[in-house]
Amino acid sequence: MTAPIVRTKEKLRTLTEKWKANGESVGIVPTMGALHPGHLSLAQAARKATDRVIITIFVNPKQFNNPDDLENYPRTEQDDARKLAPIGVDVLYVPEVDQIYPAGFATSISVNGLTDVLCGAHRPGHFDGVATVVAKLFIQTGADMAFFGNKDFQQLQIVRRMAADLDIPIDVIGCPTIREDGGLAMSSRNLLLSDRARIYAPVLSEVMADMATDLRAGKAMADLQEAALDRLEQAGFASVDYLELRASNDLALLETPSRPSRLFAAVLLAGVRLIDNIEV
Ligand code: AMP
């Protein structure tokens, strides 16, 4: 059975207050919809860990830098509800914009430091939009646990920092990246790739996996970066925003995996921005 769709924070609160009064734990999976198996894996993780599961679908205008990107973002609510049905989530929270940003809304949450690098350096204001909406969704749902994908690892670390700094009592859980057969990390934006671009897209994860192997074997980023960029260019990637090794906890730039670290990339392929990261 498809889960009920709730569109107002008042109706949501009626449900969550009842659950809390019964001593039930609540999990939340924030998404922007156009659900794919990556999102569904988060819903499954929540289903296992908490008594009640809320999936939120909100295409957050404040985290888009480009009006066309916001306009073109896929919206597939009925399909999303159908895909979630077998998992048995309790509610889909699909707020209208005024439920998140009431008239006169004037507050923004900025997480310093972690947002200066990687996607933060290329998408001004993006992570303020993310931190603000996620804080609101945490507060509106009163959830005990939140499930995020490692696919957006910088976002995960920013959300963890924000919740800790604001004393929001929630456990933020990072879940593995789900990939297509060729290795391409699943993303709602993959729907925008042409058939031709789809053929080349997996080269990104191949290049990253090879770099990770070489880094583990003792090579440094300086030895690997040029050849990797060449491979990406030859495969048709128009530009590379970044291809960097960074510490997992504070995202400090590294030359070698001297502490727990991940390789991060953002590239443009046929007009579609793809991001990926893997543990080194
Ligand atoms: P989005 O709808 O793109 O904002 O993503 C919602 C959540 O799904 C975020 O926590 C993402 O990190 C997560 N997510 C997106 N793609 C994947 C994937 N391929 N594997 C695992 N989690 C993902």
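The structure presented is a predicted model; accordingly, all values stated were derived computationally and were not measured.

**Points about the domain arrangement of the protein chain**
Part 1: Taken domain by domain, the protein chain comprises domain 1 (5-175) and domain 2 (188-279).
Part 2: Counting from both sides, the interface comprises 21 residues of domain 1 and, opposite them, 17 residues of domain 2.
Part 3: Carbon and sulfur atoms make up 61% of the surface buried where domain 1 meets domain 2, a total of about 1,700 Å² over both sides.
Part 4: Taken as a group, L118, H122 and F153 account for 33% of the area that domain 1 buries against domain 2, more than any other trio of residues on that side.
Part 5: Our count for the contact surface shared by domain 1 and domain 2 stands at 1 salt bridge.
Part 6: Linking R189 and D69 is a salt bridge whose minimum nitrogen-to-oxygen distance equals 2.9 Å.
Part 7: When contributions to the side of domain 1 that touches domain 2 are tallied by element, the ones reaching two or more residues are α3 (67-72), α6 (118-122) and α8 (153-165).
Part 8: Classifying every residue of the side of domain 1 that touches domain 2 gives 9 nonpolar, 8 polar and 4 charged.

**Considerations on the environment of K20**
Part 1: On the secondary structure map, K20 appears in helix α1 (residues 9-21).
Part 2: Taking the C-alpha atoms as reference points, K20 and I109, separated by 89 residues in sequence, lie 27 Å from one another.
Part 3: Excluding anything up to four places from it in sequence, K20 contacts V26, G142 and D144.

**Quick look at the sheet that holds strand β8 (residues 253-254)**
Part 1: The strand order β8-β7-β9-β10 describes an open sheet built from 4 strands, whose pairing is antiparallel. Edge positions in the sheet fall to β8 and β10 (272-279), since each has one partner strand and no second.
Part 2: When strand β7 (residues 239-247) meets β8, the two strands line up antiparallel, connected through 2 bridges. Counterpart to R246 in the pairing with β8 is L253.

**Overview of the site of the ligand**
Part 1: Residues in contact with the ligand amount to 17 residues; listed here are only the nearest, M32, H39, D152, I178 and M186.
Part 2: H39 is positioned such that a nitrogen or oxygen atom in its side chain is 2.9 Å from an oxygen atom of the ligand.
Part 3: The separation between an oxygen atom of the ligand and a polar side-chain atom of D152 is 2.6 Å.
Part 4: Against a free-state accessible area of 490 Å², the protein chains account for coverage of 93% of the ligand.
Part 5: Those elements that provide at least two residues to the shell around the ligand are β2 (26-31), α2 (37-49) and β5 (145-149).
Part 6: It is α2 that contributes the most residues to the shell around the ligand, 3 residues altogether.
Part 7: Taken together, the residues of the shell around the ligand break down into 8 nonpolar, 7 polar and 2 charged.

Calculation rules
- Residues numbered from 1 in each chain as written.
- Predicted model: local features only at pLDDT ≥ 70, side-chain atom pairs only at ≥ 80, totals over all residues.
- Heavy atoms only, no water.
- Domains from an automatic or database assignment.
- Contact = heavy atoms within 4.5 Å.
- Buried area = accessible area lost by both parts, 1.4 Å probe.
- Salt bridge = Lys/Arg side-chain N within 4 Å of Asp/Glu carboxyl O.
- Helix = DSSP H or I, 4+ residues; strand = E, 2+ residues; numbered from the N terminus.
- Nonpolar A, V, L, I, M, F, W, Y, C, P; charged D, E, K, R; others polar.
- Pairing = 2+ DSSP bridges.
- Near = heavy atom within 4 Å.
- Polar contact = N/O pair within 3.5 Å; in protein donor to acceptor, adjacent residues only side chain to side chain.
- Areas by Shrake-Rupley, 256 points an atom, 1.4 Å probe, with all protein chains shown as cover.

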